[in-house]
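Chains, contacts and geometry: an overview
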Amino acid sequence: QVQLVESGGGLVQPGGSLRLSCTVSINMFSLEYMGWYRRTPGKSARELVASIFSGGQPNYADSVKGRFTISTDDSENTINLQMSNLTPEDTTVYYCNVLFHRTNYWGQGTQVTVSS
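The sheet built from four strands is open, its strands ordered β1-β3-β8-β7 with antiparallel pairing. Each having just a single partner strand, β1 (4-7) and β7 (68-73) make up the two edges of the open sheet. Averaged over all pairs of adjacent strands, the angle between their axes in this sheet comes to 15 degrees, without regard to strand direction. Relative to strand β8 (residues 78-83), β7 runs antiparallel, the two being bridged by six bridges. Paired with I70 across the bridge in β8 is L81.

Enumeration according to the criterion identifies three aromatic pairs in this entry. Measuring from ring centre to ring centre gives 5.1 Å for Y37 and W106, while their planes differ by 65 degrees; the resulting arrangement is edge-to-face. Of this pair, Y37 sits in strand β4 (residues 33-39) while W106 sits in strand β10 (residues 103-106), and the two are 69 residues apart along the sequence. Classification of W106 as partly exposed rests on a relative accessible area of 37%. Taking 6.4 Å as the distance between ring centres and 85 degrees as the angle between the ring planes, the aromatic pair formed by Y95 and W106 counts as edge-to-face. Of this pair, Y95 sits in strand β9 (residues 92-100) while W106 sits in strand β10; the two residues are eleven residues apart in sequence, bridging distant segments of the chain. Clustering of aromatic rings is evident, with ring pairs tying together Y37, Y95 and W106. When the ring centre of Y95 is taken as reference, the NZ or CZ atom of R46 above it lies at 3.7 Å.

To continue, consider the state of the cysteines. Within the structure shown, the criterion is met by one disulfide. The disulfide partner of C22 is C96, and the gap between their sulfur atoms is 2.2 Å. Given an S-S torsion of about -80 degrees, the disulfide between C22 and C96 has left-handed geometry. Of this pair, C22 sits in strand β3 (residues 18-24) while C96 sits in strand β9, and the two are 74 residues apart along the sequence. Across this residue pair, the class does not change: C22 and C96 are buried.

What counts and how
Residues numbered from 1 in each chain as written. Predicted model: local features only at pLDDT ≥ 70, side-chain atom pairs only at ≥ 80, totals over all residues. Heavy atoms only, no water. Pairing = 2+ DSSP bridges. Helix = DSSP H or I, 4+ residues; strand = E, 2+ residues; numbered from the N terminus. Axes fitted to C-alpha atoms, helices over the stretch in contact; angles between N-to-C directions. Phe/Tyr/Trp six-rings, centres within 6.5 Å; stacked < 30°, edge-to-face > 60°. Buried < 20%, exposed > 50% of the residue type's maximum accessible area, 1.4 Å probe, protein only. Lys NZ or Arg CZ within 6 Å of the ring centre and 35° of its normal. Disulfide = S-S within 2.5 Å.

What follows is the structure, given as structure tokens:
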């Protein structure tokens, strides 16, 4: 069983930045995949924002390339998403996702609101 707890969401003005963190309850070296998703506005589906396979290179949605950066901090057991140059279109709930022993785990989500 893996617990994921997201933090760092909130209200930010257009053009601003936020850093989301996902604290993982197990040693991250055991994870096969780590990613950030967000709820598609107006829908219940979740869309990929950024991901990284163990030992691989980061992958980003076209809509966030050049603005978002996914990283990990093994000492803190966190998966981070640095978001910059935010726009109102980035407003939604963001979720952390990991794959461990071929099972998907999700966090509870954190709200990001971009508004003036």
